[in-house]
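Structural characterization, general
Here's the letter readout for the chains.
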Amino acid sequence: MIYENCLQFEKKHIVSITNQKYGALYLFDYDERNASINMEFEHQHSYYEIMVFLAPAGEHLFEGQIYHLSFGDIVLIPPFLLHKSIYRKGAPSDRIIIDFIWPETLKADDLGYAELLSMFEFPEHIFRFAPEQRVALYHRLNDILNYSLRPGFSADAPLDQLMIHTLFVEFLHELYTQRNRNQYRNNMEIAPAAQKMHSVAAYIHQHYSEPLSLQSLAEEFYISPGYLSHSFRETMQFTLSSYIQNTRFKNAQHMLITTNAKISDIAIACGFSSFSQFNRIFGRMAGMSPSEYRKQAQNTHKL
């Protein structure tokens, strides 16, 4: 399939590359999605992710804030940012997902990689370009797809791994070059009540380390506890207490993987009222203790 007379799309095509020697990883996934796979809660991961959105319309959540997506938008998601895509009901729509990990040496050696990755820290996270800019980016993506479809291509061959890496860097460089032409504006229109609940969710993500309750949040947003409880559940599909708990849990997972902090300190930093409460909730949600989770994550990163 070809989009806009330019972007090539090969449904169900996956390119998975792992170079254990240098700690690099790539996953290019060409597939379709619809509302049936919408995640219940925002998630995070330890790798960088790029989504090329090919549905007519949809939404994306970043830490409780909702953003409208339209065809051709490019979404950049840094490691450990809570997020989720919201696909609309109806026929499935195509999308391209690119997941990658680069070894720390690439970012530390001042070769320009750190500057490319700085795009993932831009506040908007979403790039929307005029057709002429999209065509230039699509050509770079086509180069990656066409190389992976060549006869004899092997994801395990060092030369093919190098070429995929090189072509992907060219794509990122093109995106970086076009960054100041980004036309994205979040002009999504949602009901004022729903917008208020997303503001509450965003507040929770910003203040999860602090004491939070139905009463305190109702006072913060000048609404009644009953209205907040009902409207939050209706909008977010979570009770307020469950949303707070999930947010704290996800951030605790992040700290367990990315820091050497004591587990008791992580419990406090993430807003849990006690170490025993943290252990109990974490065990229920993760299926293992915090120490087991940290050990498993460390072993995984050693592979």
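So, here is what we can say about the structure in this document.

**Focus: the overall build of the protein chain**
Tallying secondary structure elements over the protein chain gives 11 helices and 11 strands in all. Considered along the principal axes of its C-alpha atoms, the protein chain spans approximately 60 × 45 × 35 Å. Among the 303 residues that make up the protein chain, the fraction classed as buried is 49%. Excluding contacts between residues fewer than 6 apart, the proportion of contacts in the protein chain whose partners are at least 24 apart in sequence is 70%.

**Comments concerning the environment of Ser274**
Note on placement: Ser274 falls in the loop between α9 (263-269) and α10 (275-286). Using a relative accessible area of 28% as the deciding quantity, one classes Ser274 as partly exposed. With 134 residues separating them in the primary sequence, Ser274 and Arg140 have C-alpha atoms 51 Å apart. Here the side chain of Ser274 touches Ser276 through a polar contact of 3.1 Å, side chain to side chain.

**What to know about the nonpolar core**
Phe28, Ile50, Phe100, Trp102, Phe168 and Leu172 are the most contacted members of the largest nonpolar core, which has 42 residues in total. Elements with a minimum of two residues in this core: β3 (13-19), β4 (24-33), β5 (48-53), β8 (74-77), β10 (93-101), α2 (113-117), α3 (131-148) and α4 (158-177). It is α4 that provides the largest number of residues to this core, a total of eight residues. Ignoring anything within four residues of it in the chain, the contact list for Phe28 reads His13, Ile14, Val15, Ile97, Ile98, Ile144, Ile164 and Phe168.

**A closer look at α3**
In a regular helix each residue adds 1.5 Å, so 18 residues correspond to 26 Å; α3 covers 25 Å between its end C-alpha atoms and thus fits that length. For α3, the set of buried residues is Gln133, Arg134, Leu137, Tyr138, Leu141, Asn142, Ile144, Leu145, Tyr147 and Ser148.

**Structural notes on the sheet that holds β4**
Sheet strands line up and pair through hydrogen bonds in the backbone, either parallel or antiparallel. Taking strand neighbours across the sheet as the criterion, the six strands line up as β3-β4-β10-β5-β8-β11 in an open arrangement whose pairing is antiparallel. Strands with a single pairing partner mark the edges of an open sheet, and in this sheet they are β3 and β11 (126-127). Where β3 lies against β4, seven bridges are found, and the strand directions are antiparallel. Bridging across to β4, Thr18 finds its partner in Leu25.

**Observations regarding the pattern of salt bridges**
Applying the stated criterion across every chain, the model contains nine salt bridges. A salt bridge links Lys11 to Asp94; the shortest N-O distance between them is 3.3 Å. Residue Lys11 is located in the loop between β2 (7-8) and β3, and its partner Asp94 is located in strand β10; the two are separated by 83 residues in the primary sequence. Judged by relative accessible area, which is 38%, Lys11 ranks as partly exposed. For Arg88, the salt bridge is made with Glu59, and the minimal N-O distance between the two is 2.5 Å. Placement of the pair is Arg88 in the loop between β9 (83-86) and β10 and Glu59 in strand β6 (residues 57-62), with a sequence separation of 29 residues. Residue class for Glu59 comes out buried when judged on its relative accessible area of 8%.

**Notes on the side chain of Asp73**
Locating Asp73 in the fold gives a position in the loop between β7 (65-70) and β8. Since its relative accessible area comes to 0%, Asp73 is described here as buried. In terms of polar contacts, Asp73 uses its side chain to reach the backbone amide nitrogen of Ser70, at 2.8 Å. Among the polar contacts listed, one links the side chain of Asp73 to the side chain of Arg128, at a separation of 2.7 Å. The contacts of Asp73, once residues within four sequence positions are left out, are Met51, Val52, Phe53, His68, Ile126, Phe127, Arg128 and Tyr184.

Scoring rules and cut-offs
Residues numbered from 1 in each chain as written. Predicted model: local features only at pLDDT ≥ 70, side-chain atom pairs only at ≥ 80, totals over all residues. Heavy atoms only, no water. Helix = DSSP H or I, 4+ residues; strand = E, 2+ residues; numbered from the N terminus. Buried < 20%, exposed > 50% of the residue type's maximum accessible area, 1.4 Å probe, protein only. Contact = heavy atoms within 4.5 Å. Polar contact = N/O pair within 3.5 Å; in protein donor to acceptor, adjacent residues only side chain to side chain. Core = buried A, V, L, I, M, F, W, Y, C linked by side-chain atoms within 4.5 Å. Expected span 1.5 Å × (residues − 1). Pairing = 2+ DSSP bridges. Salt bridge = Lys/Arg side-chain N within 4 Å of Asp/Glu carboxyl O.

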